[in-house]
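Examining the three-dimensional arrangement
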Amino acid sequence: MVEAWLIELAKGMAKLFINPLLYWSIIVLLFAGYRRIKRERQNFGTKIFDLFSEWKSTWLFSILTGLLVSVVMIGAGFVLSYTSLLLLSVVAILFSLSGRFMLLSPVYTVGVSFLLLLFVPTLLGNQQWIREDLFDPINLAAFPVLLGILLIAEGWLIKRTNMRDTYPGLSLSNRGIWVGEHHLKKLAIIPFFLLLPSGLITPFADYWPYVSFGEQTYSLILFPFLLGVDYKVRGRYPKEAADKLAVPIILLGIGATAIAIGGVFFAPLSLAAVIVTIFGKEYINYRHRNSERLRRCYFHPMNNGLKVLGVIPGTPADRLGIKVGENIMKVNGQMVNSIDSFYQSLQASGAYFKLDLEDLNGEIRFVQGALYQGDHHELGILFSDTPYRRKQA
């Protein structure tokens with residue numbers, strides 16, 4: 001029995017590398033990184049983050065989430081057909097073509113796949129070209145449970161956001177002033193094991209598997225699920241906005257999972273879980289957009305000081321621990337209230353400089369350092385200003 005599981009485990013891991021979704025996810029990351037870097041150069045005249053930053057720092061999260069999903073799905077004995085997973089992959093690929101990571105939420109990819117599978121028997125029964133049993137076994141109870149768990153993971157991914165996981169940008173306010181914004185944008189590739197019909201694994205308990213198929217032997221497949229997060233923040237400190245978003249999403253995921261578990265015993269609850277989750281997520285997104293629209297821009301020009309919109313990794317500002325959202329009040333003892341005055345005071349100081357900063361708690365702190373040859377001439381600090389391309393035009 002143990003030998004059979006080990007063999008199927010090895011075979012399942014090998015199947016990951018023949019899944020086109022894995023390689024498609026790399027293409028999606030490349031395209032997203034290229035577009036972001038192009039936007040950074042247009043706004044600030046320089047690249048800020050590396051090409052794969054949207055994926056960076058998600059590895060541990062992906063492994064832990066994948067282990068959790070694997071334990072729940074295999075432990076419960078949920079069996080999915082290969083064609084059902086192929087449908088989920090196609091839906092994910094189609095949604096990723098939009099370039100919007102928000103559509104790679106499990107609410108949309110898993111939810112839409114569930115709705116399609118719900119009508120598959122009717123559709124296939126009214127035609128003669130495709131076998132009616134193509135998607136058998138259709139385990140409708142498994143998809144809502146998978147959706148609920150992955151939605152909790154999405155909330156967790158947002159919750160763990162730090163200021164190195166958000167990307168600064170510029171936009172015009174309603175008053176025609178260029179203001180700063182941040183994008184909470186991440187793409188995690190979550191590999192988890194699922195049961196497929198036919199293989200060396202045999203049932204080990206009366207309840208297992210939840211859906212039987214044929215001779216009741218099963219195999220494993222390591223499936224690469226794409227989970228995307230994409231929110232624009234202008235009216236709040238980005239970390240605060242992430243925390244506000246994460247809580248209702250996690251609660252929605254917990255509620256959806258509870259309803260989906262009920263769907264194992266009463267089938268209509270599976271559909272209810274998916275419908276509640278889709279409408280719930282849309283409501284959360286609407287509240288976020290409306291709140292951002294009504295709030296005053298957080299990264300707006302100030303009468304006293306300059307608010308830090310971003311810090312370029314590896315620059316003097318990064319090494320000195322200057323943080324996004326802090327206010328630069330003085331440079332070498334000189335008050336600054338514009339970007340021009342900041343640069344003039346900085347250039348007049350020679351190689352050494354001292355900054356008076358107002359931190360996120362409203363307290364004054366001081367940083368000082370030296371500019372060396374090869375360092376970014378602007379310390380690596382980004383401010384809300386007219387986009388670089390417009391100034392060059």
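What counts, and at which threshold
Residues numbered from 1 in each chain as written. Predicted model: local features only at pLDDT ≥ 70, side-chain atom pairs only at ≥ 80, totals over all residues. Heavy atoms only, no water. Helix = DSSP H or I, 4+ residues; strand = E, 2+ residues; numbered from the N terminus. Buried < 20%, exposed > 50% of the residue type's maximum accessible area, 1.4 Å probe, protein only. Lys, Arg positive; Asp, Glu negative; His and termini not counted. Charge placed at Lys NZ, Arg CZ, Asp CG, Glu CD. 1 Å grid on protein atoms, 1.4 Å probe; cavity = no way out; pocket = protein on both sides within 12 Å on 5 of 7 lines; lining within 4 Å. Points joined across faces, edges and corners; volume = space filled by probe spheres on them. Nonpolar A, V, L, I, M, F, W, Y, C, P; charged D, E, K, R; others polar. UniProt positions renumbered as here; feature names shortened; annotations may be inferred. Pairing = 2+ DSSP bridges. Axes fitted to C-alpha atoms, helices over the stretch in contact; angles between N-to-C directions. Contact = heavy atoms within 4.5 Å.

Time to look at the overall build of the chain. If you tally the helices and strands in the chain, you get 11 helices and 10 strands. Along the longest, intermediate and shortest principal axes, the C-alpha atoms of the chain span 80 × 45 × 40 Å. Every one of the 393 residues in the chain was classed for burial, and the buried ones make up 51%. Computing the positive centroid from 37 side-chain charges and the negative centroid from 28, the chain places the two 8 Å apart.

Turning to unusual backbone geometry, a few remarks are in order. Despite not being glycine, Ser57 shows a phi value in the positive range, around 70°. Checked against the element boundaries, Ser57 lands in the loop between helix H2 (20–44) and helix H3 (59–75). With phi around 55°, Asn332 is a residue other than glycine that occupies positive phi space. Residue position: Asn332 is located in the loop between strand S6 (327–331) and strand S7 (334–335).

What follows is about empty space enclosed by the protein. Applying the stated criterion across every chain, the model contains one cavity of 30 Å³ or more. Roughly 40 Å³ of volume is contained in the largest cavity. Listing elements by their share of the lining of the largest cavity, those giving two or more residues are helix H6 (142–159) and strand S2 (178–201). The element that contributes the greatest number of residues to the lining of the largest cavity is S2, accounting for three residues. Each residue belonging to the lining of the largest cavity can be placed in one class, and the counts come to four nonpolar, one polar and three charged.

With respect to the helices, strands and loops of the structure, Leu94 is situated in helix H4 (residues 82–96). For Leu94, a relative accessible area of 52% corresponds to the exposed category. Residues Leu94 and Thr109, 15 residues apart in the sequence, show an inter-C-alpha distance of 9.5 Å.

Our next topic: the UniProt feature "transmembrane region" (unreviewed entry) in the chain. Per the UniProt annotation, the sites labelled "transmembrane region" (unreviewed entry) are residues 20–37, 58–79, 85–103, 108–126, 138–158, 187–205 and 245–263. A helix fraction of 63% and a strand fraction of 0% characterise residues 85–103, whose end C-alpha atoms lie 18 Å from each other.

Ordered by their spatial adjacency, three strands build an open sheet running S1-S2-S3, and the pairing between neighbours is antiparallel. With partners counted over all chains shown, the strands left at the sheet margins are strand S1 (166–172) and strand S3 (218–233), one partner each. Strand-to-strand, the axes of this sheet are offset by a mean angle of 30°, without reference to chain direction. Each of S2 and S3 is contacted by H3, which is oriented at about 40° to S2, the strand it contacts most.

For S3, the tally of buried residues reaches 15 of 16 residues, placing the bulk of the element in the interior. With 17 bridges joining them, S2 and S3 adopt antiparallel strand pairing. Bridging from a neighbouring strand, Lys186 pairs with Val229 of S3.

Further remarks concern the layout of surface pockets. If you add up the space inside the largest pocket, you get close to 520 Å³. Along the wall of the largest pocket there are 19 residues; nearest its centre are Met102, His183, Asp230, Tyr231 and Lys232. Within the residue set of the lining of the largest pocket, elements represented by two or more residues are H2, S2, S3 and helix H8 (268–294). At five residues, H8 tops the list of elements feeding residues into the lining of the largest pocket. Considering only residue class, the lining of the largest pocket consists of two nonpolar, five polar and 12 charged.

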